[in-house]
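In case you want the letters, here they are:
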Amino acid sequence: MNSILYIFLPCKQIYPVGCTYLAEYVHRRHPEIRQRILDLSQVPPGERARAVRETAEAVRPDLVCFSWRDIQIFSPHEGDASLEQAFTFYYSNNPLKKIAASLSGVKSLYRYYSGIRASLAHAWLIRKTCPDAQIMIGGGAFGAFADQLIEKLPEGTIGILGEGEEAILKIVEGKPLDGERFIARRDGKTIKGLGQSYTDLSTLSVDLPYIASIFPQYQAYAHDCIGVQSKRGCPYDCAFCLYPYLEGKSVRYRPAVLVAQDIAEHYRQWGTRRFWFTDAQFITGKAAYPQCTEIMERIIAGKLEIEWSGYIRTSLITADFARLMVRSGVGDLEVAITSGSQEVLNGLHMGFMLDRLYDGCRYLAEAGFTGKIILNYSLNAPDETEATLRDSIESYKKVAAILGEDRVFPMMFFLGIQPNTDLEHRLLEEGYLTSGYNPLMLTPTSIRKLLYNPAPLNKLIGKACLAAWNRKQGPRTGSRDPRPWSGALAGSSPALDRGGGTYADQNLLRGVELNSGRDVLLTLDEILNSRKSA
């Protein structure tokens, strides 16, 4: 094999860290192979097909690896305009607003289906341009919807479920994919490999000059947020999450020295000052303390004036850990509290105690944490009642009392049902979903089901959300990933900084800018109190 082309399919601007790790992994073992990374997110939509064709003609790849990160519409959080469109259509009493929402929803559906067709078309274009090239595809979106997508891709395409380093290496070396978890279509039939190999992370690192040489578009990210992976795998069983399915439940760690080295090289060579740990959880449990501690200590020792964040459970933060977080440059944090009811959390297998979550917030406050905390609430999760909704309202008030109301931003999420999760299995067993349903086929009925907000609380919650959102004025930012960053380094407020990019991907900017989640909870509180008094 002489050459490999990696194509990062379009999504919001986010550094294609997975492609860089794959390319580096192959390069260290086969430096003779020419490689190239093409990020279609950096190419205007009307020019993407030409960019794929011209790059393929220049590289003449023997292997083309597509990374498909995102497929989602009606994203279940309030930073997404499509959520408000759906709620207005389902729960508003104003017929004119319902009509306007339905028209906007149709436009969103068109963009959704057009985006899927366009991404699939790039694979077919490669088949036409390079008919002898082997096509592989992976990434979170493909992993979630592999059964549906593989049927729409060129026959012979190999889909990888989970990490792909070992699978690519086997293709490069002409070995069979024994022991790999993959899906493919051959002779009109779908075949699956049920194994799962795991990459040895002990030497996984990034040669930044090499990456820059095969990824000309890297300059678009040089001063943006860079993703760094410190571990893979997630030991938790959160009912709605795909991380354990994609990465496995066994946590594997990269040596802290290599993680800190990656950060330092980006810092010095690219001028990067903001980093996001792409791990399922930065602190996966007590076993992760030594590695996480060493990473932060190395950041401090290296005098790296950075801002970092990631998915973090405050329930695992100790007093010493909080002090290290602050000293090493932690930015704004996103915390998936999910619910203020321990009963609901236990039903979702979240694996933490609320009291410990509050303790972690106290430790951060005592350590001098000055950032913001976004609290993600998933209202109307299974087993939700009016009493548990009240618990969620009180939990926000507790965190606000600890850190200050001006620094705590509740964000209303709704559970999106994804294939291969415990939530999907439960809802199939209960008859909420029909066996054989297509999760990519969206209709008014299916959207209402997949955007999980069931009776009897659906109208109550819908009313509170619409009342709060209608009181808030501001731009609808569209679908965003929840990766907040503070404006400490830029010296400005992230809520006011639109152009400076102090929030990675401008994520959840609307919710922080307008603090509409707080209004949803307080409006819900008012409604519940009025019902109680009546």
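It should be emphasised that the depicted structure is a prediction, and the values quoted were computed from it without experimental measurement.

Let's talk about the overall build of the chain
Point 1. When helices and strands are tallied, the chain shows 20 helices and 15 strands.
Point 2. In the chain, buried positions account for 61% of the 534 residues.
Point 3. Long-range contacts, defined as pairs at least 24 residues apart, comprise 76% of the intrachain contacts of the chain with a sequence gap of at least 6.

Topic: helix α10 (residues 256–270)
Turn by turn, an α-helix covers 3.6 residues, leaving residues three or four places apart pointing in a common direction.
Point 1. Over its 15 residues, α10 runs 21 Å from end to end, which matches the ideal 21 Å to within 8%, given 1.5 Å per residue.
Point 2. The complete set of buried residues in α10 reads Ala-256, Leu-258, Val-259, Ala-260, Asp-262, Ile-263, Ala-264, His-266, Tyr-267 and Trp-270.
Point 3. Those residues of α10 that are buried lie in contact with α1 (17–29), α8 (208–214), β8 (225–228), β11 (274–277) and α11 (289–301).
Point 4. With its phi angle positive at about 75°, Gly-271 sits one or two positions after the end of α10.

Quick word on the confidence of the model for the chain
Point 1. Averaged over the chain, the pLDDT score is 89; the fraction of residues at 70 or greater is 90%.
Point 2. Ignoring residues within four places in sequence, the model shows residues 475–510, a span with pLDDT below 50, making 107 contacts including any to other chains.

Things to note about the environment of Ser-435
Point 1. Mapped onto the elements, Ser-435 comes out in the loop between α16 (422–429) and α17 (444–450).
Point 2. Put simply, Ser-435 and His-425 are 10 residues apart on the chain and 9.9 Å apart in space, counted from C-alpha to C-alpha.

Concerning the sheet that holds strand β1 (residues 3–8)
Each strand in a sheet pairs with another by means of backbone hydrogen bonds, the pair being arranged parallel or else antiparallel.
Point 1. Sheet architecture is open: seven strands sit in the order β2-β1-β3-β4-β5-β6-β7, paired in mixed fashion. The open sheet has two edge strands, β2 (34–39) and β7 (189–194), and neither has a second partner. In this sheet, adjacent strand axes meet at a mean angle of 20° when their direction is disregarded.
Point 2. Packed on one face of the sheet, helix α2 (residues 48–59) meets β1 and β2 and runs near 175° to β2.

Observations concerning the pattern of salt bridges
Point 1. A complete count under the given rule lists 24 salt bridges for this structure.
Point 2. A salt bridge links Lys-231 to Asp-279; the nearest nitrogen and oxygen atoms lie 3.2 Å apart. With Lys-231 in strand β9 (residues 231–232) and Asp-279 in the loop between β11 and α11, this residue pair connects regions lying 48 residues apart in the sequence.
Point 3. According to the relative accessible area criterion, Lys-231 is buried, its value standing at 1%.
Point 4. Judged by relative accessible area, Asp-279 falls into the buried class, the value being 0%.
Point 5. Residue Glu-294 is joined to Arg-298 by a salt bridge in which the shortest nitrogen-to-oxygen separation is 2.9 Å. Placement of the pair is Glu-294 and Arg-298 together in helix α11, with a separation of four residues, close to one helical turn.
Point 6. If you follow the salt bridges from partner to partner, you end up with Glu-163, Glu-165, Arg-232 and Arg-252 in one network.

Examining the packing of helix α3 (residues 81–91) against helix α4 (residues 95–129)
Point 1. At a closest axis distance of 8 Å, the pairing of α3 and α4 adopts a crossing angle of 140°. The orientation of α3 relative to α4 falls into the category oblique. By crossing handedness, the relation of α3 to α4 is classed as left-handed. Along its contact with α3, which presents Ser-82, Gln-85, Thr-88, Phe-89, Tyr-90 and Tyr-91, the element α4 presents Lys-97, Lys-98, Ala-101, Ser-102, Ser-104, Gly-105 and Ser-108.
Point 2. Class assignment of the residues belonging to the contact of α3 with α4 gives a composition of four nonpolar, seven polar and two charged.

Some remarks on a nonpolar patch on the surface
Point 1. Judged by side-chain polarity, Leu-96, Ile-99 and Leu-103 come together as a nonpolar surface patch covering roughly 330 Å² of accessible area.
Point 2. Structurally, Ile-99 is set in helix α4.

Some remarks on the sheet that holds strand β13 (residues 333–338)
Point 1. Taking strand neighbours across the sheet as the criterion, the three strands line up as β13-β14-β15 in an open arrangement whose pairing is parallel. The open sheet is flanked by β13 and β15 (408–413), the only strands paired with a single partner. Between one strand and the next, the sheet's axes are offset by a mean angle of 25°, whatever the strand orientation.
Point 2. Packed onto the sheet, helix α14 (residues 354–366) meets β13 and β14 (373–378) and runs at close to 160° relative to β13.

Remarks on the pairing of β1
Point 1. Across the six residues that make up β1, a large majority, six, are buried.
Point 2. Here β1 shows no split at all, with Ser-3, Leu-5 and Ile-7 on one side and Ile-4, Tyr-6 and Phe-8 on the other all buried.
Point 3. As defined by bridge partners, β1 adjoins β2 across six bridges and the pair is classed as parallel. Its bridge partner being in β2, Leu-5 is matched across the sheet by Arg-36.
Point 4. Assessed by its sense of winding, the connection that carries the chain from β1 through α1 to β2 is right-handed.
Point 5. By the bridge criterion, five bridges tie β1 to strand β3 (residues 63–67) in an arrangement that is parallel. Opposite Ile-7, over in β3, you have Phe-66 as the bridge partner.

A word on the packing of aromatic side chains
Point 1. Following the criterion strictly, the structure yields 16 aromatic pairs and no others.
Point 2. With 5.5 Å between their ring centres and 70° between their planes, Tyr-15 and Tyr-221 make a pair best called edge-to-face. Of the two residues, Tyr-15 is situated in the loop between β1 and α1 and Tyr-221 in the loop between α8 and β8; the sequence distance between them amounts to 206 residues. Like Tyr-15, the residue Tyr-221 is buried in the burial classification.
Point 3. One aromatic cluster is present, formed by Phe-87, Phe-89, Tyr-90, Tyr-91, Phe-414 and Trp-469 through successive ring pairs.

Digging into the packing of α10 against α11
Point 1. One can describe the packing of α10 onto α11 by two numbers: an axis separation of 9 Å at closest approach and a directional angle of 40°. Once α10 is placed against α11, the crossing between them reads as right-handed. Of the residues in α11, those touching α10 at Ala-256, Val-257, Val-259, Ala-260 and Ile-263 are Gln-291, Glu-294, Ile-295, Arg-298 and Ile-299.
Point 2. The residue inventory of the contact of α10 with α11, partitioned by class, reads seven nonpolar, one polar and two charged.

Focus: the side chain of Ser-315
Point 1. Structurally, Ser-315 can be placed in the loop between β12 (307–310) and α12 (319–328).
Point 2. In this structure Ser-315 touches Phe-352, Met-353, Arg-356 and Leu-357, once residues within four positions along its chain are discounted.

Some details on unusual backbone geometry
Point 1. Of the consecutive residues Ala-455 and Pro-456, the connecting peptide bond is found in the cis state with omega at 10°.
Point 2. With a phi angle near 70°, Thr-338 is a residue other than glycine that sits in the positive phi range.
Point 3. Tracing the backbone shows Thr-338 in strand β13.
Point 4. Exposure remark for Thr-338: the relative accessible area of 3% places this residue in the buried category.
Point 5. Notably, Asn-380 is not glycine yet its phi reads approximately 65°, a positive angle.
Point 6. Along the chain, Asn-380 turns up in the loop between β14 and α15 (386–403).

What counts and what doesn't
Position numbers for residues start from 1 in each chain and track the written sequence from start to end. It should be noted that, the model being predicted, local features are given only for residues of pLDDT at least 70 and side-chain atom pairs only at 80 or more, the latter also being counted only at that level, while totals for whole chains, interfaces and linings use all residues. In computing side-chain values, all of the structure's heavy atoms are included and hydrogens and water are not. Secondary structure counts use DSSP, requiring at least four H or I residues in a row for a helix and at least two E residues in a row for a strand, with both numbered from the N terminus. A 1.4 Å probe rolled over the protein chains alone gives each residue an accessible area, and that area as a share of the maximum for its type sets the label: buried under 20%, exposed over 50%, partly exposed in between. Residue contacts follow a heavy-atom distance rule, with two residues in contact if any of their heavy atoms lie within 4.5 Å. A helix is expected to span 1.5 Å multiplied by its residue count minus one. Known as pLDDT, the predictor's confidence for each residue is given on a scale from 0 to 100. Strands are labelled as partners when DSSP assigns at least two bridges between them. Angles here are taken between N-to-C directions and fall from 0 to 180 degrees, while the axes themselves are lines fitted to C-alpha atoms, restricted in helices to the stretch in contact. For this document, the term salt bridge refers to a Lys or Arg side-chain nitrogen within 4 Å of an Asp or Glu carboxyl oxygen. If an angle is under 35 degrees, it is roughly parallel; if it is over 145, roughly antiparallel; if it lies from 65 to 115, roughly perpendicular; otherwise it is oblique. Should the near helix be turned anticlockwise from the far one by less than a right angle, the crossing is termed left-handed; should it be turned clockwise, right-handed. Charged means Asp, Glu, Lys or Arg here, nonpolar means Ala, Val, Leu, Ile, Met, Phe, Trp, Tyr, Cys or Pro, and polar covers whatever is left, Gly included. Patch construction takes residues with relative accessible area above 30% that form no salt bridge. Like charges are linked within 9 Å, and nonpolar side chains (Val, Leu, Ile, Met, Phe, Trp, Tyr) are linked within 5 Å. Computed by Shrake-Rupley with a 1.4 Å probe, the accessible areas treat only the displayed protein chains as cover when residues are assessed. If you view a crossover with the strands going away from you and the path from the first strand over the helix to the second runs clockwise, you call it right-handed. Side-chain rings of Phe, Tyr and Trp (the six-membered ring for Trp) are treated as a pair once their centres are within 6.5 Å; stacked means planes under 30 degrees apart, edge-to-face means over 60, and tilted covers the remaining angles.

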